[in-house]
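Chain by chain, the residues:
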Amino acid sequence: MRKNGGDMEIALDVPQPRLRAVPAEPAPDPAPPGEVSDADLLARVGDRDREAFEILYGRYVRPVFSLALRRLGDRGHAEDAVQEAFAAIWRSASTYRPERGAAGGWLYTVARNAIVDRLRRNGPSADAELPELSSGEPGPAQQAEDSFVSWRVHRALEELQPREREVIELAYWSGMSQSEVAEYLGVPLGTVKTRTRSGLARLASVLEGELQ
Amino acid sequence: MNREPNFDELIGAETPGAERERLRGVHELLVQAGPPPELTPQLEKAPGFGVARLQSRRVVKRRALVLLAATVAIAGVFAAGFAVADDHGSSTSAARTARTLQLAGTSLAPQAHATLEVWHSHAGNWPMTLTVSGLPKLPTHTYYEVYLVRDGKPWGSCGTFRVDGSSRLSLTLNAPYSLRKGDSWVVTRPGAGGQEPGNTVLRPVSA
């Protein structure tokens, strides 16, 4: 990859989740066999490949939006931050160096920096929208870890087959029991259980770094 | 959500030790992460950078003017159509429709889509026709509900319906409210504990 003279190197500063073993070598991107890895997509985006950018956008728009919503607490500001984050990715992709870390971590850092910039630009009124930390709430380190876990999990969900993802999302976040999910989808309960297990197993493979 | 998923219930007893612990780790991460947010229509498509920025301001301005002219022309045609309909009782669909929305399924019903045609008001009622497909059948005694959305929030119910698994269904509903500019509609299904409004399954797509 080339480096544009005017672009800045972006330092990796990714919080380490509790369950994640820090790899000695750059972590592989969670790309299933046959799919282009995030690192390859970033290289192509660095060459101004619009198609690669759209694929990368599809993989990361939810994690970036989720991160922005957590930090900014407002959908309008979060939408703006997502646009700014992807503009920064488009501009800076050529500065990504695979030997310095996984593409997902680099993207997380770029997105987080864009969100923090938006937070600062919004000024005190926007800061006031953030909930005050009380003694019962997680501290900044814990919040950072939670944000990174959400980032990885939401990114990993994009790798599931649509049927697996549907069942996982309904089972975890709709409030329905598995029997209700089965009735809702019009499939046997056994099918719901099978898809849940295979979805969790696929997520485990994608998130392997965090589970070691 | 009120109810946290139970790992043993989700997985059953068949999965053995090591694999079971591996899946339990994922389960805990899913619980910790919470649900991914629903994307707003503005975020559905990747933004355009680079090529668009290379276009001269003059080209952009000229395209904007052409677009504006086209919009004015289309609006004029519609206005003329409404006038003719009011004067002569035309029964054409375009003239009777006050607004038509295309709705797309959310992650809770990704295969679903619908068209909502809102007709001109009569005696304070805004009758509407919802043509929907791809919604799954709901459990007994639960219903889909069409909600008027105002200022970004569900504001009032426009009726409930069920589906039977047929490929396409057309229903007549009503909004007995004073509609405002910016009003929109969503379709929901009951959430946990049956609270209202429930979870959105169909929402408008951007033009």
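Preceding this paragraph is the structure being described.
Residues numbered from 1 in each chain as written. Chains lettered and ligands numbered in written order. Predicted model: local features only at pLDDT ≥ 70, side-chain atom pairs only at ≥ 80, totals over all residues. Heavy atoms only, no water.

Chemist: Before we go on, may I ask you to explain helix α7 (residues 178–185) of chain A in this structure?
Modeler: Given 3.6 residues to a turn, an α-helix orients residues that are three or four positions apart in the same direction. The set of residues buried in α7(A) consists of A:Gln178, A:Val181, A:Ala182, A:Tyr184 and A:Leu185. Projected onto a plane normal to the axis of α7(A), the buried residues spread over an arc of 165° and lie on a single side. Tucked into the core, α7(A) has its buried residues touching α6 (162–173) and α8 (189–206) of chain A together with α1 (7–11), β4 (144–150), β7 (184–189) and β8 (199–204) of chain B. Backbone geometry just after α7(A) places A:Gly186 at a positive phi near 70°. (Buried < 20%, exposed > 50% of the residue type's maximum accessible area, 1.4 Å probe, protein only. Helix = DSSP H or I, 4+ residues; strand = E, 2+ residues; numbered from the N terminus. Arc of directions from axis to C-beta. Contact = heavy atoms within 4.5 Å.)

Chemist: Which parts of the structure should I look at to understand the environment of A:Arg112?
Modeler: Mapping A:Arg112 onto the fold places it in helix α4 (residues 103–129). Residue classification places A:Arg112 among the buried positions, given a relative accessible area of 18%.

Chemist: I'm lost on the sheet that holds β4(B) in this one. Help?
Modeler: Residue and element names in this part refer to chain B. On the basis of which strands lie adjacent, the open sheet formed by eight strands has the order β5-β4-β7-β8-β1-β2-β3-β6 and antiparallel pairing. Each edge of the open sheet is held by one strand with a lone partner, namely β5 (153–161) and β6 (169–175). Strand-to-strand twist in this sheet, taken as the mean axis angle between neighbours without regard to direction, amounts to 30°. Relative to β7, β4 runs antiparallel, the two sharing five bridges. (Pairing = 2+ DSSP bridges. Axes fitted to C-alpha atoms, helices over the stretch in contact; angles between N-to-C directions.)

Chemist: Help me out: how do you make sense of the packing of aromatic side chains in this one?
Modeler: Each aromatic ring pair is described using two quantities: the centre-to-centre distance and the angle formed by the ring planes. All names here are of chain A. Per the stated rule, a full pass over the model turns up ten aromatic pairs over all chains. With centroids separated by 5.3 Å and ring planes inclined at 75°, the aromatic side chains of phenylalanine 53 and tryptophan 90 adopt a geometry described as edge-to-face. Residue phenylalanine 53 is found in helix α2 (residues 50–72), and its partner tryptophan 90 is found in helix α3 (residues 75–92); the two are separated by 37 residues along the sequence. The class for phenylalanine 53 is buried, based on a relative accessible area of 1%. For tryptophan 90, a relative accessible area of 7% gives the class buried. Geometrically, the ring pair formed by tyrosine 108 and tryptophan 151 is edge-to-face, given 5.2 Å between the ring centres and 80° between the ring planes. Taken as a pair, tyrosine 108 in helix α4 and tryptophan 151 in helix α5 (residues 140–157) lie far apart in primary sequence, 43 residues in all. (Phe/Tyr/Trp six-rings, centres within 6.5 Å; stacked < 30°, edge-to-face > 60°.)

Chemist: Whenever I open this one, the packing of α7(A) against α8(A) confuses me. Can you help?
Modeler: Geometry of a packed helix pair, given as the angle between the helix axes and the separation of the axes. Residues and elements named next belong to chain A. Running from N to C, α7 and α8 point in directions that differ by 110°, and their axes come no closer than 8 Å. Taken together, α7 and α8 sit at an angle that is classed as roughly perpendicular. Of α8, the residues touching α7 (which contributes Gln178, Ser179, Val181 and Ala182) are Leu189, Val192, Lys193 and Thr196. Here the residues of the contact of α7 with α8 sort into four nonpolar, three polar and one charged. (Parallel < 35°, antiparallel > 145°, perpendicular 65-115°, else oblique. Nonpolar A, V, L, I, M, F, W, Y, C, P; charged D, E, K, R; others polar.)

Chemist: Can you walk me through the layout of surface pockets in this structure?
Modeler: The space that makes up the largest pocket amounts to roughly 980 Å³. What lines the largest pocket is a set of 32 residues, among which A:Arg75, B:Glu38, B:Leu39, B:Thr200 and B:Arg203 lie closest to the centre. Per element, the largest residue contribution to the lining of the largest pocket is four residues, and it comes from β8(B). The residue inventory of the lining of the largest pocket, partitioned by class, reads 15 nonpolar, eleven polar and six charged. (1 Å grid on protein atoms, 1.4 Å probe; cavity = no way out; pocket = protein on both sides within 12 Å on 5 of 7 lines; lining within 4 Å. Points joined across faces, edges and corners; volume = space filled by probe spheres on them.)

Chemist: Where do I start with the interface of chain B and chain A in this structure?
Modeler: Often, the extent of an interface is quoted as the loss of accessible area upon association of its parts. The partner chain A presents 55 residues to the 49 residues of chain B that form the contact. Summed over both sides, the interface between chain B and chain A buries roughly 4600 Å², with carbon and sulfur atoms accounting for 63% of that surface. Between chain B and chain A we count 17 residue pairs in polar contact (both at pLDDT 80 or more) in total. Contributions of two or more residues to the side of chain B that touches chain A are made by α1, α2 (17–33) and β8 of chain B. For the side of chain B that touches chain A, the element with the highest residue contribution is α2(B), accounting for eleven residues. Partitioning the side of chain B that touches chain A into residue classes produces 27 nonpolar, twelve polar and ten charged. (Buried area = accessible area lost by both parts, 1.4 Å probe. Polar contact = N/O pair within 3.5 Å; in protein donor to acceptor, adjacent residues only side chain to side chain.)

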